[in-house]
Amino acid sequence: ANATDDGSPSHGSLAVARSILSYGFLWGEIRVKGGAYGAGFVRRKNGTAGFYTYRDPDAKRSVETFAKSGDFLRAFAESGEDYTGFIIGAIGDSDLLVTPKVLSAMTIASFISGETYEDKKARRLEMLNTSKEDLLKCADTVDRIVECGGAVVLGGKEKLDAFGDAFDRVIEI
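Residues numbered from 1 in each chain as written. Predicted model: local features only at pLDDT ≥ 70, side-chain atom pairs only at ≥ 80, totals over all residues. Heavy atoms only, no water.

A.B. asks: Which parts of the structure should I look at to understand the state of the cysteines?
C.D. replies: Disulfides are covalent bonds that connect the sulfur atoms of two cysteines. Counted according to the given criterion, the structure contains zero disulfides. With no disulfide of its own, Cys138 lies closest to Cys148 among cysteine sulfurs, the gap being 15 Å. Using a relative accessible area of 5% as the deciding quantity, one classes Cys138 as buried. Cys148 sits in the exposed class, given a relative accessible area of 53%. (Disulfide = S-S within 2.5 Å. Buried < 20%, exposed > 50% of the residue type's maximum accessible area, 1.4 Å probe, protein only.)

A.B. asks: Which parts of the structure should I look at to understand helix α4 (residues 84-94)?
C.D. replies: Note: α-helices contain 3.6 residues per turn, so residues at a spacing of three or four share the same orientation. Where α4 is concerned, the buried positions are Phe86, Ile87, Ala90 and Ile91. Down the axis of α4, the smallest arc covering the buried residues is 140°, so these residues share one side. More than 90 degrees from the buried face of α4, the exposed residues found are Gly85 and Ile88. Summarising the contacts, the buried residues of α4 are in contact with α1 (13-32), α3 (69-79) and α6 (117-128). (Helix = DSSP H or I, 4+ residues; strand = E, 2+ residues; numbered from the N terminus. Arc of directions from axis to C-beta. Contact = heavy atoms within 4.5 Å.)

A.B. asks: Would you explain the side chain of Asp56 in this entry?
C.D. replies: By secondary structure assignment, the location of Asp56 is in the loop between β2 (49-54) and α2 (59-66). At 6.9 Å, Arg61 is the nearest oppositely charged side chain to Asp56, a buried residue that forms no salt bridge. Within the structure, the side chain of Asp56 is placed 2.5 Å from the side chain of Ser62, a separation counted as a polar contact. If sequence neighbours within four positions are ignored, Asp56 has contacts with Ile30, Ala36 and Ser62. (Lys, Arg positive; Asp, Glu negative; His and termini not counted. Salt bridge = Lys/Arg side-chain N within 4 Å of Asp/Glu carboxyl O. Polar contact = N/O pair within 3.5 Å; in protein donor to acceptor, adjacent residues only side chain to side chain.)

A.B. asks: What am I meant to see in the packing of aromatic side chains here?
C.D. replies: The geometry of an aromatic ring pair is captured by two quantities: the separation of the ring centres and the angle between the planes. Counted according to the given criterion, the structure contains six aromatic pairs. Through successive ring pairs, a cluster of aromatic residues spans Phe25, Phe72, Phe76, Tyr83 and Phe86. The ring of Tyr37 is capped by Arg55, whose NZ or CZ atom sits 4.2 Å from the centre of that ring. (Phe/Tyr/Trp six-rings, centres within 6.5 Å; stacked < 30°, edge-to-face > 60°. Lys NZ or Arg CZ within 6 Å of the ring centre and 35° of its normal.)

A.B. asks: I tried to follow the pattern of salt bridges on my own but got confused; where do I start?
C.D. replies: Here the idea is simple: oppositely charged side chains can pair when their charged atoms come close. One pass over the structure, following the stated rule, counts 11 salt bridges. Asp161 serves as the salt-bridge partner of Lys157, at 3.3 Å between the closest nitrogen and oxygen. Here Lys157 pairs with Asp161, and both are found in helix α8 (residues 157-161), just four residues apart, close to one helical turn. Judged by its relative accessible area of 46%, Asp161 is partly exposed. Salt bridges here are not isolated pairs; linked through shared partners, they connect Asp71, Arg74, Asp140 and Asp143.

Following this line, the structure appears as structure tokens:
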């Protein structure tokens, strides 16, 4: 789904929320307890956001877990737990170590998209200054993503049958 469809900007705190959800919630619930090889929440600069798992033995359980992400984020924000590590993780994800060739491609992409140094600086400051209130707003955004987003599941017939008639369309390949 698009996290900015409602007109709200792609705030840097959503990157911190991504880090909290991916490593503080989804990793434990889907990877550790559910047995998937990986899981997380992703958000892009253009506003696109969503959840993913891979090599997931119980996709139905994972989709149900995704739906609880907003509530987890709210509870986390209200808990007062220190989230400095998640801020550091979000900044690390946005400031990757790259080769000169990749840096050139990233610079061209920034130019084409109109993203300036000031935009990047503002997003980093938003990450650094993420507050409890920002996380609560992100929880609302995550709820909207869950409500309007669709699900794509690649798997065997028995895995898809677990969803019952939840899918509008099933394509056999």
